[in-house]
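Overview (structure and organization)
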Amino acid sequence: MSTNTTPYIGENSPLNQITTYFNALQSSAEEYLFVVDLDSKMILLSDNFMKDFDFPSNIVDDLDNLMMPFIYHDDREIFEEAMRDIWTADKGETVQCDFRLLRSNGDYGWVNLKMTIGGDEFSDQPEILSGVIKRLDEVAKADYVTGLLRRSVFYSDLTKELENQNAHGAVIVIALDNFNVITENYGHKFGDSAFRQIAQNITNVLPPDIHLYKLDGYSFGLFMPDAMPEEIEIIFASVQLCMREIRNVEDTIYCTASAGAALYPNDANDVTTLVRYAEVALEIAHQKGRDQIAFFEKEAYDRWRYDIGMQNLMQNCIARGCEDFFLCYQPQVDAKDGRLLGAEALLRWYDNDGSVVAPMQFIPMLEKSRMIIPVGHWIIENAVIMAKKWQHYMPDFQMSINISLYQLEERMFYPFVEDCIARHQIDPSTIIFELTESHNIYDWDFVNKQFAAFHDLGIKIAIDDFGSGYANIGFLKNFKCDLIKIDRMFVENLHESEFNRNLLKYSIMLCHSVGMEVLIEGVETEEEYLYLRDECKVDQIQGFYFGYPEMEDVFEKRFKK
């Protein structure tokens, strides 16, 4: 046990013999060092070890207990096991472990503890235990695959550059486009080799005084003093050319890159902000289609921050049980006589100031972030509840619910729907799933299999926005659904063009010929309605002419007339 008095190292202790060497070593080391006399159990600590942890002296007799309060509670058993192992180890054996240690800033960081048993070369009896504790974030200053210096060094070097008050130039972040696909197809060994080759190729096309750094994932960073936008574009063009071909034994692999750039001091003059701005510009390059460079723009950044803020608000809303979301219902009617058939459930959202956010502002964010998965569960649950309620007034009332490809890809989506139908004891044939135009679909076999399962459950399937994007005539021969919804764009200016009228009329005839009903969206005038009813023989109508999206209480009045 440790005491209040400073432990004493005996004259014959091996610690006395190595003190001179130990002092020389610790003066040039950033790591924490310690040496233990295995006979007396006295421990000699490096000065930084003693000072950083406020130990009473650099000579202690109970390192285990002194260290324990500074070790993250979940990792203390790891430390204790390593200490037990080293006390029973033989001469020449090494024990090491990783654990989280409290830093001077109050945060825990990962460290590596490595301990070795040593002694006199003429004796088999171990005499000392030497140990070193290294901060892992400082150990890995270079990337082991590419050999490039990592983010921490990038920040440090950029900080030195910005200390010059007259400094101007650009910070550039380069990211490989979908490089993970190459790794998945050819394996991690080839992926590492290709990534190393790309890093070398990029380095070769940079000016001699410009260094390339390895950042996170498959991305690089660099800064170019005195560079103008035109020079940066020329350099990036060289980067694009140098990485077009990655040589493999059997194939030539093609890879592209995107980049974002921020200028200093115009955009910012501190490291953190500059790198963040360059990464925001990189995101803009991705949004524009990849394989290009984008420069930081304040307006684009403000939009990006707004989107991030919206996503955070929605995440909080979801965490509170989707309490700020609500559903509106737009009537769907029989085209022959205007009789109400059902409604489409449409998601709406109250912002934190109580205003209703336009669907086109937040629904794409839900899908891109995959928050549509938990929100989709909430939509289906509440739409089914409402459909069951309104079926008391109208037994065959049908409820159309939008779903996206992301939801179909969710493993628990079908079990959830099956359970929801059973819990609310609703006739599944009164539920229609509308596949939205939110995502390009490349695997129709997968979609067919998913919808076949819902068909077997009794749920009907509709394709939304027919005629735009993926939903076109070509898929009709391979895809089975119950209802085709034709977009408003085919109804606009209907009476100004005979071509438009014939295109719409024969598209409806085609759908009917393969056994699919047709619903026209966006019908706003009596003239449009009469043409669609009398000339096109459409089955169902949805649009402002028959009703706007309405809250539950307003929609219910339709049943009480």
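Here the structure is shown first, and the text comes after it.
Cut-off values and rules
Residues numbered from 1 in each chain as written. Predicted model: local features only at pLDDT ≥ 70, side-chain atom pairs only at ≥ 80, totals over all residues. Heavy atoms only, no water. Helix = DSSP H or I, 4+ residues; strand = E, 2+ residues; numbered from the N terminus. Rg over C-alpha atoms; globule rule 2.2 N^0.38 Å. Buried < 20%, exposed > 50% of the residue type's maximum accessible area, 1.4 Å probe, protein only. Contact = heavy atoms within 4.5 Å. Axes fitted to C-alpha atoms, helices over the stretch in contact; angles between N-to-C directions. Parallel < 35°, antiparallel > 145°, perpendicular 65-115°, else oblique. Nonpolar A, V, L, I, M, F, W, Y, C, P; charged D, E, K, R; others polar. Core = buried A, V, L, I, M, F, W, Y, C linked by side-chain atoms within 4.5 Å. Pairing = 2+ DSSP bridges. Lys, Arg positive; Asp, Glu negative; His and termini not counted. Salt bridge = Lys/Arg side-chain N within 4 Å of Asp/Glu carboxyl O.

1. Observations regarding the overall build of the protein
Of the regular secondary structure elements, the protein holds 19 helices and 22 strands. Against the 2.2 N^0.38 benchmark of 24 Å for 561 residues, the protein shows a C-alpha radius of gyration of 34 Å, more extended than a compact globule. If you line up the protein on its principal axes, its C-alpha atoms span 110 × 60 × 50 Å. Looking at the protein as a whole, 47% of its 561 residues qualify as buried. Pairs at least 24 apart in sequence give 61% of the contacts found in the protein among residues at least 6 apart.

2. Considerations on the packing of helix H11 (residues 298-319) against helix H12 (residues 359-368)
Here H11 crosses H12 at 75°, and the two axes come no closer than 10 Å. One way to sum up the angle between H11 and H12 is to call them roughly perpendicular. Contacts between H11 and H12 involve Tyr306, Asp307, Met310, Gln311 and Met314 on the former and, on the latter, Gln361, Phe362, Met365 and Leu366. By residue class, the composition of the contact of H11 with H12 is six nonpolar, two polar and one charged.

3. Comments concerning the nonpolar core
Phe325, Met399, Ile431, Phe433, Ile520 and Ile541 are the most contacted members of the largest nonpolar core, which totals 79 residues. Ranked by the residues each element gives to this core, the list is headed by helix H13 (residues 372-390), at eleven residues. If we ignore the near neighbours within four places in the chain, the residues touching Phe325 are Met314, Cys317, Ile318, Leu347, Arg348, Trp349, Phe362, Leu366, Val375 and Trp378. In this structure, Ile172, Ala199, Ile202 and Leu222 belong to the second largest nonpolar core, which totals 35 residues.

4. Regarding the sheet that holds strand S9 (residues 219-225)
Spatial strand order, S8-S9-S7-S12-S13: five strands in an open sheet with mixed pairing. The sheet terminates laterally at strand S8 (213-214) and strand S13 (293-295), the two strands that pair on one side only. Taken together, the three bridges between strand S12 (residues 257-264) and S13 define a ladder with parallel strand orientation. Its bridge partner being in S13, Ala259 is matched across the sheet by Ile293.

5. As for the side chain of Asp351
Secondary-structure assignment places Asp351 in the loop between strand S15 (340-350) and strand S16 (356-357). Buried and without a salt bridge, Asp351 has Arg320 as its closest oppositely charged side chain, separated by 9.0 Å. Look past the residues within four positions of Asp351 in its chain and what remains in contact with it is Leu313 and Val357.

6. Side note on the sheet that holds strand S5 (residues 108-118)
Judged by pairing direction, the sheet is antiparallel, and its six strands sit side by side in the order S3-S2-S1-S6-S5-S4 without closing on themselves. In this open sheet, the two edge strands, each paired with only one partner strand, are strand S3 (59-60) and strand S4 (94-102). Pairing geometry for S5 and strand S6 (residues 128-135), over eight bridges, is antiparallel. Residue Asn112 lies in a different strand from S6, and its bridge partner there is Lys134. Packing of helix H1 (residues 14-26) onto the sheet brings it into contact with strand S1 (32-37), strand S2 (43-45) and S6, and relative to S1 it is tilted by some 175°.

Geometric values such as these leave the question of function open.
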